Number of protein chains: 2
Amino acid sequence: MNQGITLYHYWRSSSSWRVRWGLEIKGVKHVKVPVNILGAEEKLPGYVAKNPSGYLPCLVVEGHQPLGESIAILEWLEETFPQPSFFSGDAFERALIRQLAETVNSGTQPLQNPDVSKLHSPDKDEQTRWMKHWIERGLGVFETLLEKDGRRTKFSVSGQPSLADLCLIPQVYAANRFGVDMDKFPRCRDIYAHAMTEPSCIASHPDRFKPAP
Amino acid sequence: MNQGITLYHYWRSSSSWRVRWGLEIKGVKHVKVPVNILGAEEKLPGYVAKNPSGYLPCLVVEGHQPLGESIAILEWLEETFPQPSFFSGDAFERALIRQLAETVNSGTQPLQNPDVSKLHSPDKDEQTRWMKHWIERGLGVFETLLEKDGRRTKFSVSGQPSLADLCLIPQVYAANRFGVDMDKFPRCRDIYAHAMTEPSCIASHPDRFKPAP
């Protein structure tokens, strides 16, 4: 199972980072193939044949249909390589982890996707306003959920990164990129700072996969 | 566990229907409380204290923190009440089910949310164009995934409704509402027609929870 796994990813795609980080945590041997989704149209047909959404990432395990959607990939990784786990605690803690993950995955990231902000407006400044609006809304919900939960762990719900952090950290990276003031979300800001010291997070960081200019 | 469960929902919210249907499949005894999220602002504070996103649905199990995000709720239901399952097959089939579910959950529904279409444009016709665009894109991906998979089951991946169908059917209901031509997506159209004969789907259908005018 550890052989013949290929990850199609894009360095700056936040959903790609989720899966890069997840593969790193699980220690799953794989090959990475960069896909420039923002690049020339002629690069796309081969990729879209693998992942009909055209979005990244996509995981291909030899002999099986390609897997799209980062959450589906991460849940598959969890089932296939259970340790170290992306979850902790009882069913309610796992539900909280998934609620936090979905606050980013369905509540935030889809709205800041480039094809969404571009369809909203051709104006670059308006695109940035739109993205900031949804990122701030999403991180506000995430922060409130952490406050209500009340624990003060280094990652969202424990000392280890969970599915919630795999979604949060790439979202905060995007927030920084679009000029969101992270001091409004102090728990998220502090978890992000801690993540930047975590070897599995560092090894999967976008900057490591940025193409040479 | 079967006691003290409350579902906060809105009759026409597609994410609410997912969970109503899931509770019906699992046969979990619960109380339903309608929340009119589109109604007067003063109705909201009490609900937002339960679910900081302000979105529906939210499941409250006595003695525990409220659970928001329909996918997190459905995965919790699956872990807590394993049978009948929302999944089938091996880890790859479960990954396909989750990929299909996320094609709706993160790839489609967030973009047709009323607060998103309203922020995009104050013009009602433009709001409808926006929603139709994203619904057609999402159902197109769902349809292609089913075609590539190639099975011809009554629901998306088997004869029983899975997490994929719990997401698909409410999305097709919304598509019909906004005038999407479902003949462009024949597999999705046929699965929807079959779902309308499924007792658990009928029992959770929005029309059953529509308030009297």
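Residues numbered from 1 in each chain as written. Chains lettered and ligands numbered in written order. Predicted model: local features only at pLDDT ≥ 70, side-chain atom pairs only at ≥ 80, totals over all residues.

A. Structural context of the sheet that holds strand E2 (residues 31-34) of chain A. All names here are of chain A. The mixed open sheet is built from 4 strands, whose spatial order is E2-E1-E3-E4. Looking along the sheet, the strands with just one partner apiece sit at the ends: E2 and strand E4 (67-68). Where strand E1 (residues 5-9) meets E2, 4 bridges bridge the pair, whose relative direction is parallel. Following the sheet pairing, Leu7 is matched in E2 by Lys32. (Pairing = 2+ DSSP bridges. Helix = DSSP H or I, 4+ residues; strand = E, 2+ residues; numbered from the N terminus.)

B. Up close: the interface of chain A and chain B. Contact residues are listed per partner, giving 34 residues for chain A and 34 residues for chain B. The set of elements that each furnish at least two residues to the side of chain A that touches chain B consists of E4, helix H3 (70-80), helix H4 (91-105), helix H5 (114-120) and helix H6 (124-149) of chain A. For the side of chain A that touches chain B, the leading source of residues is H4(A), giving 10 residues. Taken together, the residues of the side of chain A that touches chain B break down into 14 nonpolar, 12 polar and 8 charged. (Contact = placed C-beta atoms within 7 Å. Nonpolar A, V, L, I, M, F, W, Y, C, P; charged D, E, K, R; others polar.)

C. Quick look at the nonpolar core. In terms of nonpolar packing, the biggest core is built from 112 residues, with Phe142(A), Leu163(A), Leu168(A), Phe142(B), Leu163(B) and Leu168(B) touching the most fellow members. Filtering out sequence-adjacent residues up to four positions away, Leu168(B) remains in contact with Val104(B), Phe142(B), Ser156(B), Cys188(B) and Ile191(B). (Core = buried A, V, L, I, M, F, W, Y, C linked by C-beta atoms within 7 Å. Buried ≥ 20, exposed ≤ 12 C-beta atoms within 10 Å, placed from the backbone.)

D. Quick look at the sheet that holds strand E4 (residues 67-68) of chain B. What the 4 strands build is an open sheet, ordered E2-E1-E3-E4 (chain B); its pairing is mixed. The strands lining the two open edges of the sheet, one partner per strand, are strand E2 (31-34) and E4 of chain B.

E. Seen up close, the domain arrangement of chain A. Residues and elements named next belong to chain A. Under the domain assignment, chain A is made up of domain 1 (5-84) and domain 2 (91-200). Here the C-alpha centre of domain 2 lies 20 Å away from the C-alpha centre of domain 1. Taken together, the contact pairs 12 residues of domain 1 with 14 residues of domain 2. Where the side of domain 1 that touches domain 2 is concerned, the elements lending two or more residues are helix H1 (14-26) and H3. The dominant element in the side of domain 1 that touches domain 2, judged by the number of residues it contributes, is H1, at 8 residues. Across the side of domain 1 that touches domain 2, the residue classes tally to 7 nonpolar, 3 polar and 2 charged. (Domains from an automatic or database assignment.)

F. Examining the relation of the copies chain A and chain B more closely. If you rotate chain A by 180 degrees and push it 0.0 Å along the axis, it lands on chain B with an RMSD of 0.0 Å. Read as a symmetry element, the transformation amounts to a two-fold axis. Ranked by how close their C-alpha atoms come to the rotation axis, the residues of chain A are headed by Ser106(A), at 2.1 Å. Looking at the interface residues of chain A, 100% of them are also at the interface in chain B, so both copies use one shared face. (Least-squares fit on C-alpha atoms with pLDDT ≥ 70 in both.)

G. Geometry of the environment of Lys154(B). Residues and elements named next belong to chain B. With respect to the helices, strands and loops of the structure, Lys154 is situated in the loop between helix H6 (124-149) and helix H7 (163-177). Taking the number of C-beta atoms within 10 Å as the measure of exposure, Lys154 has 16 and is therefore partly exposed. Along the backbone, Lys154 and Ser14 are 140 residues apart, and their C-alpha atoms lie at a distance of 21 Å. The contact partners of Lys154, leaving out residues within four places of it in the chain, are Gly159 and His194.

H. Inspection of unusual backbone geometry at higher detail. Of note, the amide linkage connecting Leu56(A) to Pro57(A) takes the cis form, showing an omega dihedral of 0 degrees. With a phi angle near 75 degrees, Glu69(A) is a residue other than glycine that sits in the positive phi range.

I. The pairing of strand E3 (residues 58-61) of chain A, seen in detail. Residues and elements named next belong to chain A. Summarising the sheet, E1 and E3 pair through 4 bridges and their orientation is antiparallel. In the sheet register, Tyr8 faces E3, and the bridge partner there is Cys58. When E3 meets E4, the two strands line up antiparallel, connected through 2 bridges. Looking at E4, one finds that Leu59 is bridged to Leu67.

J. Inspection of helix H8 (residues 186-195) of chain B at higher detail. Residues and elements named next belong to chain B. Taken residue by residue, H8 has Arg187, Cys188, Ile191, Tyr192 and Ala195 as its buried positions. Buried positions in H8, seen along its axis, are confined to an arc of 135 degrees and lie on one side of it. Across from the buried face of H8, at angles greater than 90 degrees, the exposed residues are Pro186 and Ala193. Against H6, H7 and helix H9 (199-204) lie the buried residues of H8. (Arc of directions from axis to C-beta.)

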